[in-house]
Amino acid sequence: MTARPIVANVEGITDPGKRHWAISSVLAAMVLVVLDAAIANIALPTIATSLMVTPASAVQVITAYQLGLVMMLLPAAALGERRGFAGVFSAGAVLFTAASGLCALSPSLSWLVTARFIQGVGSAGIMGLGVALLRLSVPAHRFGTAIGWNAMAVALSSAAGPTLGASILAVSSWHWLFAVNLPIGACVLLMARALPDGKGTGRPVDLVSIAVSALSLASFVAGARYTPAHPALATMFFIGAIILATALIRREFGRSAPLIPLDLLRDSSFRVSVIASVLSFVGQTAALIALPFYLQNAFGLSPLMVALYLLPWPLTVAVTGPVAGKLADHVSTARLCLTGGVFLAVGLGSATFSSLHREPLAIGFCMMVCGLSFGLFNVSNNRSMFLSAPLERSGAAGGLQSVARLSGQTLGAVVMTFLFEATSLSDAPRTGLAIAGLLALASGLASTMRLRGVDT
């Protein structure tokens, strides 16, 4: 079968009004899924009490969502390329919104966990194809700017989530945390009518490959989570993930558009971007887990004060995103990534080794440096990753970008879990911050490998 182009107009949507609504739809959907994840975390104690379950059981509310998301990222990207990005994106938004309604009506933990898994599946369609749709909506010379807007929306949602969740819980039940998604989801779907109207390639969907991919990624995540407490069980999950991934690669090898984008990974710039992304997110996650313990133990700060000291990080990412996007459209992304990685390492190193106990407010400055640096790196790296992929493979690029981010976040959590078990509560956070700084530096240095070729 001859592949049909994803869209006819590769220079973005020409109608400014329609472009505005298309971009707004993508950004609103990103706000929807990020905000939901952030406010759900803070509600776990309340949910456990309300449903009369243990805190450990309540954590399933988070893990079920993550499992649905990671299992369906690559399949959603593949479906988008075959059936059209806008259609699969909109279907993900419908599924996410409907599942939010089910969460709001949950009478039991099993109901809520099932609904959260469905939310994760819907979220995969949004997160896997959102940036690809931005790429199709704007001219190529403004793509970096669009990624910057996306970074700003994600950062502001992450920052506002806990406060919004706490405010809702102060006046109502936890069910309303999910009910607020319904009007936002309706707005996303209304604006989604302006998204680029591509029909996809029309290639058949390989359900066997989709199932094997989903099981492989689920086994990897399960192995990472069980590693600290149950290493034998974790090893079995990792072995299963490797066997399934190997089988999938053999099945997909030689295909023009494989589910695991081996064709994209052959490009050195794309491959470097993926490696740098994983390293960066391992470091960022390890740092964001270590910092609350470090601030409470070293300075005796309350949880509220810790949150206030950490707030400059996401806020600075939000401010930096659009600026970094415009820079990335005109300056070498390899050099921007190197700068971001180096200064992120400096910020984390300052928090680790400086005599900050004399002035805790210096932490706020360190967080600003970290947020600025991470925003600069992430926006530039994502732009390079997408522009290294052909336009019709933007869905696969978006899926792998999300997988790289989630893999890095999972490994960062594992690193900190190991440190907490292997060292003291006072040493683990500082060690974690030092490791995070080294990984940030490594991500920046890895990006310089693009300087040997044509930098995008």
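Structure's up top.
So, here is what we can say about the structure in this document. Predicted, not measured: the structure shown is a model, and the values here were computed from it. (Residues numbered from 1 in each chain as written. Predicted model: local features only at pLDDT ≥ 70, side-chain atom pairs only at ≥ 80, totals over all residues. Heavy atoms only, no water.)

1. Comments concerning the overall build of the protein chain
Helix and strand counts for the protein chain stand at 19 helices and zero strands. On C-alpha atoms alone, the protein chain measures out to a radius of gyration of 21 Å, which is about the 23 Å that the 2.2 N^0.38 rule sets for 456 residues. In terms of overall dimensions, the protein chain has a C-alpha envelope of 65 × 55 × 50 Å along the principal axes. Residues classed as buried in the protein chain amount to 55% of the 456 residues present. Excluding contacts between residues fewer than 6 apart, the proportion of contacts in the protein chain whose partners are at least 24 apart in sequence is 83%. When the accessible surface of the protein chain is split by element, carbon and sulfur atoms take 70% of a total near 18800 Å². Across the protein chain, the mean location of the 26 positive side-chain charges is 3 Å away from that of the 15 negative side-chain charges. (Helix = DSSP H or I, 4+ residues; strand = E, 2+ residues; numbered from the N terminus. Rg over C-alpha atoms; globule rule 2.2 N^0.38 Å. Buried < 20%, exposed > 50% of the residue type's maximum accessible area, 1.4 Å probe, protein only. Contact = heavy atoms within 4.5 Å. Areas by Shrake-Rupley, 256 points an atom, 1.4 Å probe, with all protein chains shown as cover. Lys, Arg positive; Asp, Glu negative; His and termini not counted. Charge placed at Lys NZ, Arg CZ, Asp CG, Glu CD.)

2. Describing the layout of surface pockets
Within this model, the second largest pocket holds a volume of roughly 460 Å³. Sorting the residues of the lining of the second largest pocket by element identifies helix H10 (207–226), helix H11 (231–252), helix H12 (262–265), helix H13 (268–299) and helix H18 (394–422) as the ones contributing at least two each. Counting residues per element, the lining of the second largest pocket draws most heavily on H11, which supplies six residues. Residue composition of the lining of the second largest pocket, by class: 17 nonpolar, three polar and no charged. (1 Å grid on protein atoms, 1.4 Å probe; cavity = no way out; pocket = protein on both sides within 12 Å on 5 of 7 lines; lining within 4 Å. Points joined across faces, edges and corners; volume = space filled by probe spheres on them. Nonpolar A, V, L, I, M, F, W, Y, C, P; charged D, E, K, R; others polar.)

3. Some words on the packing of helix H1 (residues 16–42) against helix H5 (residues 85–104)
Helix-helix packing is described using two parameters, namely the angle between the two axes and the distance between the axes. With their axes 12 Å apart at the nearest point, H1 and H5 run at an angle of 35 degrees to one another. Judged by the sense of rotation from one axis to the other, the crossing of H1 with H5 is left-handed. Of the residues in H5, those touching H1 at Ser25, Val26, Ala29, Leu32, Val33 and Asp36 are Phe89, Phe96 and Thr97. Taken together, the residues that form the contact of H1 with H5 break down as six nonpolar, two polar and one charged. (Axes fitted to C-alpha atoms, helices over the stretch in contact; angles between N-to-C directions. Left-handed = near helix turned anticlockwise from the far one by under 90°.)

4. Topic: the packing of aromatic side chains
Remark: the centre distance and the inter-plane angle together describe each pair of aromatic rings, the angle taken between the planes. Summed over the entire model, instances satisfying the criterion amount to five aromatic pairs. Ring centres of Phe293 and Phe420 lie 4.6 Å apart, and the angle between their planes is 55 degrees; this geometry places the pair in the tilted category. Within this pair, whereas Phe293 is found in helix H13, its partner Phe420 is found in helix H18, the two being separated by 127 residues in sequence. The class for Phe293 is partly exposed, based on a relative accessible area of 36%. Phe420 gets classed as partly exposed once you look at its relative accessible area, which sits at 24%. (Phe/Tyr/Trp six-rings, centres within 6.5 Å; stacked < 30°, edge-to-face > 60°.)

5. Points about empty space enclosed by the protein
Tallied over the entire structure, the rule returns two cavities of 30 Å³ or more. Approximately 80 Å³ is the volume found for the largest cavity. Forming the walls of the largest cavity are Ala78, Arg82, Val205, Asp206, Ser209, Ile210, Glu252, Arg255, Ala257 and Leu259. Its residues assigned to classes, the lining of the largest cavity comprises five nonpolar, one polar and four charged. Of the pockets and cavities examined, the second largest cavity occupies roughly 50 Å³. In terms of lining, the second largest cavity is formed by Leu74, Ala77, Ala78, Glu81, Arg82, Ala257, Pro258, Leu259, Pro261, Arg393 and Ala396. If one sorts the elements of the lining of the second largest cavity by residue count, helix H4 (residues 60–83) sits on top with five residues. In terms of residue class, the lining of the second largest cavity is made up of eight nonpolar, no polar and three charged.

6. Remarks on the pattern of salt bridges
Once the charged atoms of two side chains with opposite charge are near each other, the side chains can pair. Inspection of every chain in the model, using the stated rule, returns four salt bridges. Arg116 is the partner of Asp36 in a salt bridge, and the nearest nitrogen-oxygen pair spans 2.6 Å. Here Asp36 is found in helix H1, whereas its partner Arg116 is found in helix H6 (residues 109–137), with 80 residues between them in sequence. For Asp36, a relative accessible area of 0% corresponds to the buried category. A relative accessible area of 1% means that Arg116 is categorised as buried. Several salt bridges share partner residues, and in doing so they unite Glu81, Asp263 and Arg393 into one network. (Salt bridge = Lys/Arg side-chain N within 4 Å of Asp/Glu carboxyl O.)

7. Some points on the environment of Ala440
Positionally, Ala440 belongs in helix H19 (residues 427–447). In this structure Ala440 touches Gly341, Leu344 and Ala345, once residues within four positions along its chain are discounted.

8. So, a nonpolar patch on the surface
There is a patch of nonpolar side chains on the surface, built from Leu102, Leu105 and Trp111 and spanning about 300 Å² of accessible area. In this fold, Leu102 is placed in helix H5. (Patch = residues over 30% accessible without salt bridge, like charges linked within 9 Å, V, L, I, M, F, W, Y side chains within 5 Å.)

9. Description of the environment of Ala287
Among the secondary structure elements, Ala287 is positioned in helix H13. Distance from Ala287 to Leu195, taken between C-alpha atoms, is 37 Å for residues 92 residues apart in sequence. With near-sequence residues (within four places) excluded, Ala287 lies in contact with Trp313, Leu348, Leu433 and Ala436.

10. What to know about the packing of H4 against H5
At a minimum axis separation of 8 Å, H4 and H5 run at an interaxial angle of 150 degrees. On the basis of the axis angle, H4 is roughly antiparallel to H5. In terms of crossing hand, the pair formed by H4 and H5 is right-handed. Taking contact as the criterion, the partners of Tyr65, Ala76, Leu79, Gly80, Glu81 and Arg83 in H4 are, on H5, Phe85, Val88 and Phe96. For the contact of H4 with H5, the class distribution of residues is six nonpolar, one polar and two charged. (Parallel < 35°, antiparallel > 145°, perpendicular 65-115°, else oblique.)

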